[in-house]
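Letter by letter, the chains look like this.
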Amino acid sequence: MASFLSLALLGFVASVPAAPRISGGYTVASWTMDDGLPHNLIHAVAQGADGLIWVGTWEGVARFNGREFTTFDRQNTPGMELTAVFSILRDDDGGLWVGSQGSLYRMERDGQLREMGSGRDLPVARIETLLQHDDGTLLIGNAQGVFRLPVGDARVGDASVEAWGHARGMGTTGVRRLARDQEGGLLVAGDDGVWWWRKDGSLKRLHAGERVDAVVQDRRGVVWMNLSHGQLVSYRPGEDIDEPVAVDQISAALMVDDEGLLWAGSANGLHRIAEGAAYGITTADGLGSDYTRSVLQAADGTIWVGHASGLNRWKNGVITTVPLALSDGVEPSVLALAAANDGGVWVGTYDQGATHVAPDGRVVDRVTVEEGLPASMIRSLLQDPDGGLWVGMVAGLAHVHDGQVRLYGAEDNLPPAIVMALYRDHDGVLWIGTSQAGIAAMQVDGSIVRWSPESGFPAQIGFDFLHDAAGDLWIASDRGLLRMRGGRFHVYNHAHGLPRDQLFRIIDDGYGQFWLSSNQGVFRIARSGFDDIDSGRREQLAVELVNRSDGMPSSQNNGASWPAGWLLDNGALMFPTAAGLAVIDPDLAGGRARRELPVVIERFAVNGIPQSVRSGYRVGADAGRIVIAYVGLNFRAPDNVRYRYRMHGFDREWVDAGSAVEANYTNLPAGDYRFEVQAMAMPVDWSSRQGVGSATIALEVAPPWWLRPGVIIAAVLATLALLALAYVGRTAHYRRRQHQLNRIITVRTGELRSKNLALEAADREREELVRRLAHQASHDTLTGLPNRRAADEYLLRELAVAADASAPSPLCVALMDLDHFKRINDEHGHAVGDEVLRRVGDVLRESLGESAFVARHGGEEFLLVLPGVEPEPARTHLETVRRQIAAIRVAGSDGQAIGCTASFGLVYLGEHLKTRRELLAAADRALYQAKHEGRDRIVG
């Protein structure tokens, strides 16, 4: 995809706003031949019945899925001889009508192309536009007007053509485009303006006497028209006012898709116009550089923007450049900003130290190496209320006050590392984020506490901090989002649904939402989602992504600078990116209703050979590799779609494909399968039915030829025939030897009887051995209880019984662990420990009997499953077991009697605990809580 164009739509975007904007307006995405189009001049745009976008060009037709184009020509489609395509129409049967320079074609769903009429059959060879009429016939627009044709399998003949437009007063006016309005009326754009027949039969004229090349009405009722000089205008019925849109050289191609997006073709490729949640401020708006590094809003509303070429001041709708350069005149790259006490800003530069800029943009002070700084590269700044300035540098941390510079280093418990972030929390603690050395905190008394990767800190880089009202400290790091609570760090990363682990900025918008910047866009996550992760109520965060698809100038947010984002007074958010300053409207971001994405199977290939797309396939046994390509159609934000798939009959569970759009299977066994793929726009929650689209295809893999029924039957018949021939040939020989064989049989019968008796004894021994091996495979040799493998199989069976919708039943699961068992092994030896385990196994077996299933889950941990038992009776049973275990006494190595106790974690099948994995995880957490509360108890 080519980069988003900064194309302003009148009424939404001005070159430099009078104040920071909340409305994102429209965004325009563009694609050209560099992105796979067969030609940059687009004559026609249409959407197929499956939701894919089709474009007509000088070089034929291409299909677009939001990610890539597929060109249809003679090289990949037999019989495809299309060039100079000017019109495309979706057929009710799922095919396409295609009008070209010389003929009318119909493309079937399987890609086959049929010519329905040539230049000899039609009034004018070049077919400009196509539309299906209410009566099912086909309307064709060309240089001589509008004509109606019957629709059928037969070719169009001269007698079939009706001059439909001439009969309605249009004469032979050239027609460029036909379209339907929202109510089913007809819009005709041509050399004499737009003819608009309403559903009630009334006629309205737009731009009469002026050539209009394209017309379409969107979902809001706005009529979009392309005038002959290439200008795109929008018309709102009832206002009689045209609003021009700066998209140049639009051709006769306009279309509104099923998502409500406007598509336009031009001499410069294909364009998608959509309302966006974000927009960009760039050099076109007055910035000194598109490579922005930091942003800050001062108390008076002034916005300060640091970038690769210096500093900009945005005040009262005017963006000005603030000169920072020293005597050499080269403006420094700005890496850091901090609010100054006088209402101005402190500016950290790449190679010229720190500069104090007054609110009016005047430079009033500098702190450089001449004043005692050990380095000129400033990564972070923070000013104290007393005027002291904290300076984070590549050479560490410095404090400047009244002209005195105090350096902090190893003697202060601060390692020599780049200081990336400085943050003062509600308690007055100064937090210091470093590169490669973790984080540090300077207490109110001046002492410094460190958390380094070597000491267990779960990250290397601290990019940003946020101290919330609950007292939690949040840290944006290179390993995800960290939360410090009670001296412990909780890590949230890709395993919990974050698209990217490296985060640069944390912003709390005041409405319970966190905004996190990254190299893949900005993530919005509800603050409560992290609590749900910690409590086990959910495993994945619901992440809403805002990126270039939503209007940001780039998905690459810049970090390693300070601050790398800001919440403005009016609620908008600003983030510096590699292509300009991104402004996000939080009300539009993620605010659209979740819709079910159409999913299309685009390609099915066997051993590298593409097959025609259909609903089912039968492949031979030699199908070593099967590739299925699919796509979920989200043209507004195609990068936000995530997938999972499953080959029913082969895959036991869903395969999480992430953003991958291809499934590969190798050497599938013979059988009948059903492939299903599901797609969902982020944030992904597969347990929710809302917003999940799917597509399926049937697949039959034929068995090898020697296993086919016909071959097997023929082989059996041939074998029988050979046996019959052998029987006839050998009968005479057998008769001659019969007498001799009778004598031998008498002798051998006795021998066989003896051997049979020996074989029967061997069979009994083998069966006994198999029985013992089967028991050993499923039972623990020490305690005689079932092992973990048998426990997993039993639990899965009981889950199926308990979850049966026709007769649901309760199910309780508990994990039991012997307290301080390692101490018994260490102090008395493993022989004593083994005896304790045997005694515990006896107690469990005798106490629970047939009312529960007990297994040794590993080590000193046991799994107890109580089917058909409610939680309270289950707890009573377990309490009895707990007391009996506590009464066990075993002779220790010193001759003294020793005992043991046990802790239990009890859970039961419910709405939030449905699967084996969820039950065991919850039981393990309850067991951990029992240990934490003092052991020898039941929690749950």
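Look above for the structure.
What you see is a predicted model, and the numbers here were worked out from it, not measured in a lab. Along each chain, residues carry numbers from 1 onward, in the same order as the chain's sequence is written. Local features in a predicted model are, by the rule used here, given only for residues with pLDDT of at least 70; side-chain atom pairs are given and counted only at 80 or more, and totals for whole chains, interfaces and linings are based on all residues. No hydrogens and no water enter the side-chain calculation; it runs on all heavy atoms of the structure.

## Some details on the packing of aromatic side chains
Two aromatic rings, drawn from Phe, Tyr or Trp (for Trp, its six-membered ring), form a pair once their centres lie within 6.5 Å of each other, and the interplanar angle then sorts them: stacked below 30 degrees, edge-to-face above 60, tilted otherwise. Inspection of every chain in the model, using the stated rule, returns 30 aromatic pairs. The interplanar angle of 75° and the centroid separation of 6.2 Å between the aromatic rings of Y645 and Y665 together place this pair among those described as edge-to-face. Of the two residues, Y645 is situated in strand β56 (residues 641–648) and Y665 in strand β58 (residues 662–666); the sequence distance between them amounts to 20 residues. Three or more aromatic residues joined by ring pairs form one cluster here, namely Y423, W431, W451, F457, F465 and F489. Distance and angle both matter: a charge sits over a ring if NZ of Lys or CZ of Arg is within 6 Å of the ring centre and within 35 degrees of the ring normal. Note that R198 overlies the ring of W196, its terminal NZ or CZ placed 4.0 Å from the centroid. Note that R205 overlies the ring of W195, its terminal NZ or CZ placed 3.9 Å from the centroid. Runs of H or I in DSSP of at least four residues are treated as helices and runs of E of at least two as strands, each being numbered from the N terminus.

## A word on the sheet that holds strand β48 (residues 543–546)
Strands sit in the order β45-β46-β47-β48 across an open sheet of four strands; the sheet is antiparallel. The open sheet has two edge strands with one neighbour each: β45 (505–508) and β48. The sheet shows a mean angle of 25° between the axes of neighbouring strands, taken without regard to direction. One ladder, built from six bridges, connects strand β46 (residues 513–518) with strand β47 (residues 521–526); its direction is antiparallel. Pairing of W515 across the sheet is with R524, part of β47. What makes two strands pair is DSSP finding at least two bridges between them. Helix axes are fitted to C-alpha atoms over the stretch in contact, other axes to C-alpha atoms as well, and angles between N-to-C directions run from 0 to 180 degrees.

## What about helix α5 (residues 830–848)?
Between its first and last C-alpha atoms α5 spans 27 Å; for 19 residues at 1.5 Å apiece the expected length is 27 Å, and the two agree. Along α5, the residues classified as buried are V832, G833, V836, L837, V840, G841, V843, L844 and L848. Where α5 ends, the next residue or the one after it, G849, has phi of about 55°, a positive value. Helix span is expected to be 1.5 Å times the residue number reduced by one. Burial classification: accessible surface area is computed with a 1.4 Å probe over protein chains only, and a residue below 20% of its type maximum counts as buried, one above 50% as exposed, and the rest as partly exposed.

## Section: the pairing of strand β19 (residues 232–235)
Every second residue of β19 is oriented toward a common face, with L232 and S234 on one face and V233 and Y235 on the other, all of them buried. Of the strand pairs in this sheet, strand β18 (residues 223–227) and β19 are connected by four bridges, and their pairing is antiparallel. Bridge pairing in β19 places N226 opposite L232.

## Comments concerning the pairing of strand β23 (residues 269–275)
With respect to burial, β23 is a largely interior element, six of its seven residues being buried. Relative to β23, strand β22 (residues 262–266) is paired through five bridges, and the arrangement is antiparallel. What sits directly across from W263, in β23, is R272. Connecting β22 to the antiparallel partner β23 that follows it, the hairpin turn spans two residues.

## Considering the layout of surface pockets
A water-sized probe rolled over the atoms picks out the places where empty space is left. A volume near 2,100 Å³ is recorded for the largest pocket. Along the wall of the largest pocket there are 41 residues; nearest its centre are E539, Q540, S687, R917 and E918. Broken down by secondary-structure element, the contributors of at least two residues to the lining of the largest pocket are α1 (527–535), β56, β57 (655–658), α3 (788–802) and α7 (916–932). When residues of the lining of the largest pocket are assigned to their parent elements, the largest contribution, six residues, is made by α7. Classifying every residue of the lining of the largest pocket by side-chain character gives 18 nonpolar, nine polar and 14 charged. With a 1 Å grid laid over protein atoms only, a set of points is called a cavity when a 1.4 Å probe fits there but cannot get out and a pocket when it is open yet has protein on both sides within 12 Å along at least five of seven lines; lining residues have an atom within 4 Å of a point. Grid points are joined across faces, edges and corners, and a volume is the space filled by probe spheres set on the points. Amino acid classes used here: Ala, Val, Leu, Ile, Met, Phe, Trp, Tyr, Cys and Pro are nonpolar; Asp, Glu, Lys and Arg are charged; the rest, including Gly, are polar.

## Observations concerning unusual backbone geometry
Residue P563 is reached from W562 by a cis peptide bond, and omega for that bond is -10°. Here P563 lies in the loop between β48 and β49 (566–567). For H207, which is not glycine, the phi dihedral falls at a positive 55°. Relative to the assigned elements, H207 resides in the loop between β16 (203–206) and β17 (212–217).

## Some points on the environment of T137
Relative to the helices and strands, T137 is located in the loop between β10 (129–132) and β11 (138–142). For T137, a relative accessible area of 16% puts it in the buried group. Once the C-alpha coordinates of T137 and L389 are considered, the two residues, 252 residues apart in sequence, prove to be 78 Å apart.

## Some details on a nonpolar patch on the surface
On the surface, W705, W706, L707, I712, I713, V716, L717, L720 and L723 cluster together into a nonpolar patch covering about 960 Å² of accessible area. You can see W705 is positioned in the loop between β60 (693–701) and α2 (709–778). Judged by relative accessible area, W705 falls into the exposed class, the value being 54%. Patch membership needs two things, relative accessible area over 30% and no salt bridge, and members are linked within 9 Å if like-charged or within 5 Å if nonpolar (Val, Leu, Ile, Met, Phe, Trp, Tyr). Surface accessibility in these figures is a Shrake-Rupley result with a 1.4 Å probe; residues are shielded only by whichever protein chains are displayed. For this document, the term salt bridge refers to a Lys or Arg side-chain nitrogen within 4 Å of an Asp or Glu carboxyl oxygen.

## Description of the pattern of salt bridges
Going through the model one piece at a time under the given rule, you end up with 39 salt bridges. The salt bridge involving R362 is made with D360; its shortest N-O contact spans 2.7 Å. The shortest N-O distance in the salt bridge between E879 and R882 comes to 2.3 Å. With E879 and R882 both in helix α6 (residues 871–886), this residue pair falls three residues apart, about one helical turn. Its relative accessible area of 14% is what places R882 among the buried residues. Several salt bridges converge on common partners, so that one network encompasses D468, D472, R483, R485, R527, D531 and D534.

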